[in-house]
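What follows is the residue order along each chain.
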Amino acid sequence: MDVIDDAKAQLDVLEAANPSGAIKAEIAKYRKLIEQRQNPLKRSASFAAGMHYDKNRNAYPDSGNFLVLGAVTPGTSEEIDDWGRFALGAVQISRDTGKQQLQEVSLDAAYMYDDQVEVSAIDVQALLLNVGALYKSQYGDFLPGAHATIINLDRDRYSRDYAVSMRWQKPVYKSTIAMFVDARHGWRAYNNTLAAPFNDEQDGNYQRLEVGGRKVIDPTTWFNVSLTLNRIDASAEFQSYEGYALSADLTKILPRSTFLNVAASVEKQFYEGPDGFVSPLTRKDTDSSLDVTYGVPLATIGDLVFGDGALPEQVRPILLNLSVAYQNSDSNLLNYDYHNYRTQFMFNRGWDF
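The structure contained in this document is the topic of the report that follows. In this numbering scheme, every chain counts its residues from 1 along its sequence in written order. Local features in a predicted model are, by the rule used here, given only for residues with pLDDT of at least 70; side-chain atom pairs are given and counted only at 80 or more, and totals for whole chains, interfaces and linings are based on all residues. Values shown for side chains rest on all heavy atoms present in the structure; no hydrogens or waters enter the calculation.

Quick look at the side chain of asparagine 328
Right, so step 1: Runs of E in the DSSP output that reach at least two residues are strands. Runs of H or I that reach at least four are helices, and both are numbered from the N terminus. When you line up the elements, asparagine 328 lands in strand E15 (residues 319-331).
Right, so step 2: In this scheme, a residue with accessible area under 20% of its type's maximum is buried, one over 50% is exposed, and one in between is partly exposed, where area comes from a 1.4 Å probe on protein chains only. Judged by its relative accessible area of 10%, asparagine 328 is buried.
Right, so step 3: Under the rule applied, a polar contact is a pair of N or O atoms within 3.5 Å (in protein, one hydrogen donor and one hydrogen acceptor; residues adjacent in sequence only if both atoms are side-chain atoms). Here tyrosine 326 takes part through its side chain, which lies 3.3 Å from a polar atom of the side chain of asparagine 328.
Right, so step 4: Within the local environment of asparagine 328, its side chain forms a polar contact with the side chain of aspartate 330, the two groups lying 3.2 Å apart.

Concerning the layout of surface pockets
Right, so step 1: Size it by volume and the second largest pocket reaches roughly 630 Å³.
Right, so step 2: Every definition here rests on a 1 Å grid over the protein atoms only: cavities are sets of points where a 1.4 Å probe fits but cannot get out, pockets are open sets enclosed by protein on both sides within 12 Å along at least five of seven lines, and lining residues have some atom within 4 Å of a point. Lining the second largest pocket we find 12 residues, and of these Lys29, Lys32, Leu33, Pro317 and Arg349 sit closest to its centre.
Right, so step 3: For the lining of the second largest pocket, the secondary-structure elements that each account for two or more residues are helix H2 (21-38) and strand E16 (338-352).
Right, so step 4: Sorting elements by how many residues they give to the lining of the second largest pocket places H2 first, with five residues.
Right, so step 5: Here the lining of the second largest pocket is composed, by residue class, of three nonpolar, three polar and six charged. Grid points are joined across faces, edges and corners, and a volume is the space filled by probe spheres set on the points. Classification used: nonpolar for Ala, Val, Leu, Ile, Met, Phe, Trp, Tyr, Cys and Pro, charged for Asp, Glu, Lys and Arg, polar for all others including Gly.

Considerations on the nonpolar core
Right, so step 1: Here the nonpolar core consists of buried residues drawn from Ala, Val, Leu, Ile, Met, Phe, Trp, Tyr and Cys, with membership extended through side-chain atoms lying within 4.5 Å. Ala163, Tyr206, Ile232, Tyr241 and Tyr271 form the largest nonpolar core, which has five residues in total.
Right, so step 2: Here a residue-residue contact requires only that any non-hydrogen atoms of the pair lie within 4.5 Å. Non-local contacts of tyrosine 241, meaning those with residues more than four positions away in its chain, are made with Asn230, Arg231, Ile232, Glu267, Gln269, Phe270 and Tyr271.

Re the environment of alanine 189
Right, so step 1: By secondary structure assignment, the location of alanine 189 is in strand E9 (residues 177-190).
Right, so step 2: Residues alanine 189 and aspartate 308, 119 residues apart in the sequence, show an inter-C-alpha distance of 53 Å.

Examining the packing of aromatic side chains
Right, so step 1: Ring pairs are drawn from Phe, Tyr and Trp, using the six-membered ring of Trp, whenever the two centres fall within 6.5 Å, and their geometry is named by plane angle: stacked under 30 degrees, edge-to-face over 60, tilted for the rest. Inspection of every chain in the model, using the stated rule, returns eight aromatic pairs.
Right, so step 2: Taking 5.6 Å as the distance between ring centres and 80° as the angle between the ring planes, the aromatic pair formed by tyrosine 60 and phenylalanine 66 counts as edge-to-face.
Right, so step 3: Residue tyrosine 60 is classed as buried on the basis of its relative accessible area, which comes to 8%.
Right, so step 4: Pairing tyrosine 158 with tyrosine 190 gives two aromatic rings, centres 5.5 Å apart and planes at 85°, and the pair type is edge-to-face. Taken together, the residues span a long stretch of sequence, with tyrosine 158 in strand E8 (residues 156-172) and tyrosine 190 in strand E9 at a distance of 32 residues.
Right, so step 5: On the basis of relative accessibility, which here comes to 16%, the residue tyrosine 190 falls in the buried class.

Some thoughts on the side chain of aspartate 249
Right, so step 1: Along the chain, aspartate 249 turns up in strand E12 (residues 241-253).
Right, so step 2: Arginine 214 provides the closest opposite charge to the buried, unpaired aspartate 249, separated from it by 6.0 Å.
Right, so step 3: If sequence neighbours within four positions are ignored, aspartate 249 has contacts with Trp222, Phe223, Asn224, Asn261, Val262 and Ala263. Residues scored as charged are limited to Lys and Arg (positive) and Asp and Glu (negative), so that His and the chain ends carry no count. Throughout this description, the term salt bridge denotes a Lys or Arg side-chain nitrogen within 4 Å of a carboxyl oxygen of Asp or Glu.

Looking at a nonpolar patch on the surface
Right, so step 1: Where nonpolar side chains cluster on the molecular surface, the patch consists of Ile217, Phe223, Val225, Leu227, Leu246, Leu250 and Val266 and spans about 560 Å² of accessible area.
Right, so step 2: A total of three residues in the nonpolar patch trace back to one element, the largest contributor, which is strand E11 (residues 221-234). What goes into a patch is any residue over 30% in relative accessible area without a salt bridge, connected to like charges within 9 Å or, for nonpolar side chains (Val, Leu, Ile, Met, Phe, Trp, Tyr), within 5 Å. The accessible surface values rely on the Shrake-Rupley method and a 1.4 Å probe; as for residues, cover is taken only from the protein chains in view.

Quick word on helix H3 (residues 298-306)
Right, so step 1: Within H3 the residues assigned to the buried category are Leu298, Ala299, Thr300, Gly302 and Asp303.
Right, so step 2: Looking one or two residues past H3, glycine 307 carries a phi angle of roughly 110°, positive in sign.

Structure follows, in structure tokens:
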């Protein structure tokens, strides 16, 4: 029940009864968890690795045609299906300040490498850095943050993204609903490459405002929904747009520590001006996606296949995620009208220390 002193007293009583070796191990485990909980400095790390398969990795238009200077031109290629191998490592550090209002400061970093088998031009190396704080007040929690994202494609510098953010959140209606508002302002700089010689046309500022909430349906089920306004102010008018998005996801904890997550989103994008090289028409897109993920600990698989406790303790916490996803872009311009199917598996392991 998260009452640390009572929990320690109960462990003392249990230990005084000279229990068996298995129970002693459990006592030691919970004493370690209590020690971590009472330590003002929290540190954690995670590592994930897996593969994904895309039916249309190069986002080839559904029609097979392109617009060039407003004229329909047959494409010279086709959809490319491709496997990608990826790895992701992350570390998080937070410290309890011991103060009543400014309660916590935090730092986290993550690095991702995604290697495509066929379309090597979109091999991704990404570094993400975030710093933040938690400020509690009678009006809710405030979480200011600063963020940096560095992305390389095929080992060439692709983009640099720097942003500041502020999030407000507050439980309402008997704490079964948590409302939030998340605002972010940032600046992106793109580097021209052989594969994308006009990348710098996307340079500029952006703003993002998201309003939403989480509803706890029962202890094993919760639902999130949000509305988002995206504003991109790029150096080229035809790269600037306003986007309006609706997102929702449902998570259900299933027996044996497995879970199911279903997420869907749709966004309308209205661009500010035409790209003369493509068409005299101004681009309008509707992007939608659906993602279904099933997660199961290797401990559960091992217990079912080999018997309870068969797998080593180092392996049991590893989580296997299986995902299928669909992405669709409906555009008034042929070049940006496409869809893609993705399947993915990923193993994930976390540590607290």
